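A closer look at the structure
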Amino acid sequence: MEKLPPAEIRITIAPKGNMSKSKTIKVKTDTDLKGLFAVAKQKWKGKWNVCALKDGTVLSDETLKAALREDVTLVFSHAQGEVKPASIEETKLAMSEEVTKEELKQRMRFIISETLLEEDSVQQLTNCAKLKGVVLAVGLPDLHPGKGYPIGSSIITQGLIYPHLVGEDIGCGMSLVRTGIAATKQKAEKWYKQLLGIEGRAGTELEEFAAKAPFEWPKGRAVPPVEGLKDAVAARFGTVGRGNHFVEIQELFQVANEELFKQLNMDQNQIYMLIHSGSRNYGEKVYEAYTSKHGTKPADISSPEAAEYLAEHNKALAYARRSRAVIAYRILSQIENIDTSWITEGSSCVIDTCHNYIEQLQAKNQFVHRKGAAPGNAGMIIIPGSRGAYSYIVKPVEENIAISGYSLAHGAGRAMKRSKALAKGKTIYPNSNLLIKTELGSLVICENKELLYEEAPLAYKNINMVIEDLLRHKLIEVVAVMKPIVTYKYREVS
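Described in the following lines is the structure provided in the data block. Bear in mind the structure is a predicted one, so any value in this text is a computation, not a measurement.

**Looking at the sheet that holds strand S2 (residues 23-28)**
Read from one edge of the open sheet, four strands run S2-S1-S4-S3, paired in mixed fashion. Strands at the two margins of the open sheet, each flanked by one partner only, are S2 and strand S3 (50-53). The mean inter-strand angle of the sheet, taken between neighbouring strand axes irrespective of direction, is 40°. Looking at chain direction, S3 and strand S4 (residues 73-77) are connected through four bridges and run antiparallel. Directly across from Cys51, in S4, lies its bridge partner Phe76. Contacts between helix H1 (residues 33-44) and the sheet are confined to strand S1 (8-15), S2, S3 and S4, with S1 contributing the most and set at about 55° to the helix.

In structure tokens, the structure reads:
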């Protein structure tokens, strides 16, 4: 019988640790490693000498034949010295986890109708859906590309956890707090000039608050202490951070649902403050400790690795919540006469939610990985727009929330990369001072010009469309709308 010629298939190749640079190529089924390394060098330069499956299974020429199939993903890296490839049995076992197109279709879901959906975001979510143990991968309305993995996503797994799907800023989230200042006494111009930078150390008393107990934020929700912080980590406690983090002084613009609004015990005639910040370098160290040993491999939930990571992950959540409380105090104490008892009382916090973390679903061995995704199963949340846009307090519709991976959008989501926003912003606004006052009349404190351009409203999706998508899918009820007065991004420490 005449031997059939090798078939041509489509595969995905990517450099290790940077799935955002993945490429889809066509190859013959008799391709060898030498040929693939040549393609990798052509695509990304460098000396590539290791080819592996996504789970780290290293391939040889023999096992490559078992691995080459339509839509497989191969990851390339460079290693010093000899790297032992997996056996044919190990490779076949790893390949048994490869997902068919039909399975992939069932695993993926997009809660997006009105908002921008980028091709890179779709590809990154697809890569997540292909991971071992994933049962659902949801793209929320604020979905946008991250560093290899999408932001604005909710990934549910069975029996496994993937720390890299959450990333470094574990516990990043939002706190909405009461200021006690009457709305009639708002002083935007004065506050804009008066507020000092808070990126320097919070001071011994406030840093020690990280380890103090008891503490509730908001009232009735205990936050455990975080003890034994090393100096470098303590130094970042109570600081906002760069990127998209901020503190915003707000006023109530509209009550959409009086009954639900009353449940929050909010005063319509009071000024509020919204804090967006995370676990700073504490979360970074937790993430690095895991990935330095295990890379992007998942941890079986019954393993010591999972237990160790989750214990530190939970400390990072507590660190982030306590840090947001201290940030609120550091800003508010500059414009209102309060002392540190304001923090420990906890009654000032209306809402506090995290949007970067892992949650175990009740009565199931399933885990929700949220990366830029607010919880949809933890009561009312606040979804901010870009600086100079409204923020929305919403209540999840609990009977529908499973379709979105028990999650909601955490904000507007970026519409363009920082480099593009910087270039485009400089063209439209050659004088950066034009970005200090927004279309809503609010003021933005940001003494870093590049950051001011990168975080300008044009860099983000339209928050109204994000909310419309959530409403269209019957995932939320709008409770109230908040309007910005002054947004703090960054100011040099005096």
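Additional details are given in the paragraphs that follow.
**Topic: the nonpolar core**
Of all hydrophobic cores here, the largest spans 67 residues; its most connected members are Tyr309 and Ile343. The contacts of Tyr309, once residues within four sequence positions are left out, are Ile161, Pro163, Val166, Ile170, Val286, Tyr290 and Ile358.

**A short note on helix H14 (residues 418-428)**
Residue pairs spaced three or four apart in an α-helix point in one direction, given the helix's 3.6 residues per turn. Every buried residue of H14 is accounted for by Ala421, Leu422 and Gly425. Each buried residue of H14 lies within a common arc of 100° when the element is viewed along its axis, so the set occupies one face. Counted as exposed and oriented over 90 degrees from the buried face of H14: Ser419 and Thr427.

**A word on unusual backbone geometry**
With omega at 0°, the peptide bond leading from Ala213 into Pro214 counts as cis. Mapped onto the secondary structure, Pro214 falls in the loop between helix H8 (204-208) and helix H9 (231-234). In this structure, Pro218 follows Trp217 across a cis peptide bond, with omega equal to 0°. Structurally, Pro218 is set in the loop between H8 and H9. Despite not being glycine, Lys45 shows a phi value in the positive range, around 65°. With respect to the helices and strands, Lys45 occurs in the loop between H1 and S3. On the accessibility criterion, Lys45 (64% relative accessible area) is exposed. A positive phi angle, near 50°, is found at Arg280, a position not held by glycine. Position of Arg280 among the secondary structure elements: in helix H11 (residues 280-294).

**A word on the pattern of salt bridges**
Where charged atoms of side chains with opposite charge meet at close range, the side chains can pair. Throughout the structure, instances matching the rule amount to 14 salt bridges. When the shortest N-O distance is used, the salt bridge between Asp231 and Arg201 registers 3.1 Å. Of this pair, Asp231 sits in helix H9 while Arg201 is found in the loop between helix H7 (188-194) and H8, placing the two residues 30 residues apart along the sequence. Across the pair Arg414 and Glu455 runs a salt bridge whose closest N-O atoms are separated by 3.1 Å. You can see Arg414 sitting in the loop between strand S19 (407-409) and H14 and its partner Glu455 sitting in the loop between helix H15 (449-454) and helix H16 (463-472), a full 41 residues away along the chain. On the basis of relative accessible area, Glu455 is assigned to the buried category, the value being 4%. When salt bridges that share partners are traced, they join Arg414, Arg418, Glu454, Glu455 and Lys489 into one network.

**Thoughts on the sheet that holds strand S7 (residues 151-158)**
Spatially, five strands are ordered S5-S6-S7-S15-S14 in an open sheet, and the strand pairing comes out mixed. At either end of the open sheet lies a strand with only one pairing partner, and these are strand S5 (108-110) and strand S14 (356-360). For this sheet, the mean inter-axis angle between neighbouring strands, taken without regard to orientation, is 15°. The pairing of strand S6 (residues 134-144) with S7 spans six bridges and is antiparallel. Bridging from a neighbouring strand, Ala137 pairs with Ile155 of S7.

**Considerations on the packing of aromatic side chains**
In the structure shown here, the tally under the stated rule is 10 aromatic pairs. Centre to centre, the rings of Phe37 and Phe76 are 6.0 Å apart; their planes meet at 80°, and the pair counts as edge-to-face. Here the residue Phe37 occupies a position in helix H1, and Phe76 occupies one in strand S4, the gap between them amounting to 39 residues. As far as the burial class goes, Phe37 and Phe76 line up, both buried. Centre to centre, the rings of Phe253 and Tyr390 are 4.6 Å apart; their planes meet at 35°, and the pair counts as tilted. Note that Phe253 is positioned in strand S10 (residues 246-255) and Tyr390 in the loop between strand S17 (381-383) and strand S18 (391-396), a separation of 137 residues in sequence. Linked through ring pairs, Phe37, Trp44, Trp48 and Phe76 together constitute an aromatic cluster. Looking at Arg242, its charged tip hangs above the ring of Tyr490, at a distance of 3.9 Å from the centre. It is Arg414 that lies over the ring of Tyr460; its NZ or CZ is 5.1 Å from the centre.

**Regarding the environment of Leu332**
Its place among the elements puts Leu332 in helix H12 (residues 304-332). A residue is classified by how much of its surface remains accessible, and Leu332, at 0% relative accessible area, is buried. The residues contacting Leu332, other than those within four sequence positions of it, are Arg178, Thr179, Ile181, Met273, Ile338 and Trp342.

**Structural notes on H16**
By the burial criterion, the buried members of H16 are Ile463, Val466, Ile467, Asp469 and Leu470. Axial view of H16: buried residues confined to an arc of 155°, hence all on one face. Residues of H16 that are buried sit in contact with S6, S17, S18, S19 and strand S21 (476-490). Of the residues flanking the start of H16, the one acting as N-cap is Asn462, its side-chain oxygen 2.8 Å from the backbone nitrogen of Asn464. At the C-terminal side of H16, Lys474 shows a positive phi close to 55°.

Conventions and cut-offs
Residues numbered from 1 in each chain as written. Predicted model: local features only at pLDDT ≥ 70, side-chain atom pairs only at ≥ 80, totals over all residues. Heavy atoms only, no water. Pairing = 2+ DSSP bridges. Helix = DSSP H or I, 4+ residues; strand = E, 2+ residues; numbered from the N terminus. Axes fitted to C-alpha atoms, helices over the stretch in contact; angles between N-to-C directions. Contact = heavy atoms within 4.5 Å. Core = buried A, V, L, I, M, F, W, Y, C linked by side-chain atoms within 4.5 Å. Buried < 20%, exposed > 50% of the residue type's maximum accessible area, 1.4 Å probe, protein only. Arc of directions from axis to C-beta. Salt bridge = Lys/Arg side-chain N within 4 Å of Asp/Glu carboxyl O. Phe/Tyr/Trp six-rings, centres within 6.5 Å; stacked < 30°, edge-to-face > 60°. Lys NZ or Arg CZ within 6 Å of the ring centre and 35° of its normal. Polar contact = N/O pair within 3.5 Å; in protein donor to acceptor, adjacent residues only side chain to side chain.

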